[in-house]
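Chain by chain, the residues:
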Amino acid sequence: MDKQMFALRSPQIDANHLDEDFNSYNWEIFSSLFRNSYSHLIHTFKHEFQLFLRLLTSYNTLLSSRYSATIGQQLLQLKYSPSIQTRSQKFFFLSSTVFSYLYEKFLVDYRRLLPFQFIYKLLLFINFLLFLHRGTYINLFERLSRLKTIHNHPPSLRILDYSYMKRELIWHTLNETLGTIIPFITSLKARTLMRKYFSGTLMKRLEQTNVCSVCEQSIVMPHESIGECKHYFCYICAYSLIQHSCPICFKTINNIKPKEFSSK
């Protein structure tokens, strides 16, 4: 077999994760059958049921003459070379499955077996380092069975298109910009800006009315600016305009005083 046909490391790792996710999902569906009745069976024989589901899945996928690949390998267009056909390979597979069952049921969290767990985890770690170095045998079962993962078809050249990524970057940049600027723009400033710059032409000077230009209600306790601006507003509204521009004539209001009306 041509070495270029051997599967890359990333697809092999992804296939492993897909197999684990499928087993978890398969177990969730199966255990939901006993959720309302006989739930004690699931708790008591959890590991036995999981072993049965794994063997049943393997019988219809990995050990089947039709597929000869796991669920994850089928999704990623991978397979074993050679396929599992000999008795020794099937024995190693069944042994690894039964060992996983025994390890999860009897060996985990037993203090007297901590040295054994350490040795087992160390072997898994060493095997993974060898896999990263050579790109073959992602688990101990494959190494003992001498099974290598290959592509069903030669891997094709992947063409990366960054147009979607560029649109996402522009959209996120716009969101960040608006999220930073908008909190600094008060409603009064926005209204003044709209009147001054977005009316088509610079607005003519507006005449004073009995309606406050800030709260747009009838003026209560009228106050006016001390300075060039002679417009008047409610006391609270006029107080909020200090150090800001008048929404009518756009002149800065430095201080305010009560509005005095002539007695004519």
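Throughout, residues of each chain are indexed from 1 in the direction in which the sequence is written. The predicted origin of the model limits local features to residues at a pLDDT of at least 70 and limits the giving and counting of side-chain atom pairs to 80 or more, whereas totals for whole chains, interfaces and linings rest on all residues. Where side-chain values are given, they derive from all heavy atoms of the structure, hydrogens and water being excluded.

UniProt positions are given in the numbering used here, feature names are shortened, and annotations may be inferred rather than shown by experiment. Per the UniProt entry, the sites bearing "transmembrane region" (unreviewed entry) are residues 114–133 in this numbering. End C-alpha atoms of residues 114–133 are separated by 29 Å, and the span's content is 100% helix alongside 0% strand. In this text, helices come from DSSP runs of H or I with a minimum length of four residues, and strands from runs of E with a minimum of two, each type numbered from the N-terminal end.

Only protein atoms enter the 1 Å grid used here. Points where a 1.4 Å probe fits but cannot escape make up a cavity, open sets with protein on both sides within 12 Å along at least five of seven lines make up a pocket, and a residue lines them when an atom lies within 4 Å of a point. Grid points are joined across faces, edges and corners, and a volume is the space filled by probe spheres set on the points. Here the largest pocket is characterised by a volume of approximately 1500 Å³. For the largest pocket, the lining is made up of 45 residues, of which Asn16, Glu20, Ser96, Ser100 and Asn139 are closest to its centre. At the level of secondary structure, the elements contributing two or more residues to the lining of the largest pocket comprise helix H1 (9–32), helix H3 (46–60), helix H4 (71–75), helix H5 (87–107), helix H6 (114–134) and helix H7 (140–145). Top element by residues in the lining of the largest pocket is H1. It accounts for 10 residues.

Another point: the sheet that holds strand S4 (residues 232–233). The strand order across the open sheet built from 3 strands is S4-S3-S7, with neighbouring strands paired in antiparallel fashion. Bordering the open sheet on either side are S4 and strand S7 (256–258), each of which pairs with just one other strand. Of the strand pairs in this sheet, strand S3 (residues 223–225) and S7 are connected by 3 bridges, and their pairing is antiparallel. Counted as the bridge partner of His223 is Pro258 from S7. Two strands are counted as paired when DSSP detects at least two bridges linking them.

Moving on to the packing of aromatic side chains. Working definition: rings of Phe, Tyr and Trp (its six-membered ring) pair if their centres are within 6.5 Å, and the pair is stacked with planes under 30 degrees apart, edge-to-face with planes over 60 apart, and tilted otherwise. Under the counting rule described, the total for this entry stands at 12 aromatic pairs. On the basis of an interplanar angle of 65° and a centroid distance of 5.4 Å, the ring pair of Phe93 and Phe141 is categorised as edge-to-face. With Phe93 in helix H5 and Phe141 in helix H7, this residue pair connects regions lying 48 residues apart in the sequence.

Further remarks concern empty space enclosed by the protein. Scanning the entire structure with this criterion turns up 1 cavity of 30 Å³ or more. By volume, the largest cavity amounts to about 40 Å³. Taken together, His47, Gln50, Leu51, Arg54, Tyr101 and Glu104 form the lining of the largest cavity. When contributions to the lining of the largest cavity are tallied by element, the ones reaching two or more residues are H3 and H5. When residue character is reported, Ala, Val, Leu, Ile, Met, Phe, Trp, Tyr, Cys and Pro are called nonpolar, Asp, Glu, Lys and Arg charged, and the others, Gly included, polar. By residue class, the composition of the lining of the largest cavity is 2 nonpolar, 2 polar and 2 charged.

On to H5. The α-helix advances 3.6 residues per turn, and as a result positions three or four apart in sequence lie on the same side. The first and last C-alpha atoms of H5 sit 28 Å apart over 21 residues, in line with the 30 Å expected at 1.5 Å per residue. Taken together, the buried positions of H5 are occupied by Gln89, Phe93, Thr97, Tyr101, Tyr103 and Leu107. Of the surrounding secondary structure, the elements contacted by the buried residues of H5 are H3, H6 and H7. Helix span, as expected, comes to 1.5 Å for every residue beyond the first. Throughout this description, buried means an accessible area under 20% of the type-specific maximum (1.4 Å probe, protein chains only), exposed means over 50%, and partly exposed covers the range between. By the convention used here, residues are in contact when the closest approach between their heavy atoms is within 4.5 Å.

Right, let's get into the environment of Asn254. Take Asn254: it is sitting in the loop between strand S6 (252–253) and S7. Counting along the chain gives 10 residues from Asn254 to His244, while the straight-line C-alpha distance between them is 7.7 Å. In contact with Asn254, not counting residues within four places along its chain, are Ile242 and Gln243.

Time to look at the side chain of Gln12. Turning to its location among the elements, Gln12 is positioned in helix H1. We classify Gln12 as buried; its relative accessible area is 5%. Within the structure, Gln12 has its side chain in polar contact with the backbone oxygen of Ala7 (distance 3.1 Å). With residues up to four places along the chain from it excluded, the contact list for Gln12 reads Ala7, Leu78, Phe131, Gly135, Ile138, Glu142 and Thr149. Think of a polar contact as two N or O atoms within 3.5 Å of one another; within protein, one of them needs to be a possible hydrogen donor and the other a possible acceptor, and neighboring residues in sequence only count if both atoms come from side chains.

This part covers the packing of H5 against H6. Packed helices, taken two at a time, are described by the angle their axes make and the gap between the axes. For the pair H5 and H6, interaxial distance at closest approach is 12 Å and the crossing angle is 145°. Classified by chirality, the crossing of H6 by H5 is left-handed. Between H5 and H6, the residues in contact are Phe99, Tyr103 and Leu107 and Phe116, Gln117, Tyr120 and Lys121, respectively. For every element, the axis is a line fit to its C-alpha atoms; helices are fit only across the contacting stretch, and the angle between N-to-C directions ranges from 0 to 180 degrees. With the far helix as reference, a near helix turned anticlockwise by less than a right angle produces a left-handed crossing, and one turned clockwise produces a right-handed crossing.

With that out of the way, let us pick up the side chain of Thr61. Mapped onto the fold, Thr61 is located in the loop between H3 and H4. Within the structure, Thr61 has its side chain in polar contact with the backbone oxygen of Thr57 (distance 2.6 Å). Setting aside its immediate chain neighbours within four residues, Thr61 contacts Tyr67, Ser68, Ala69, Ile71 and Gln74.

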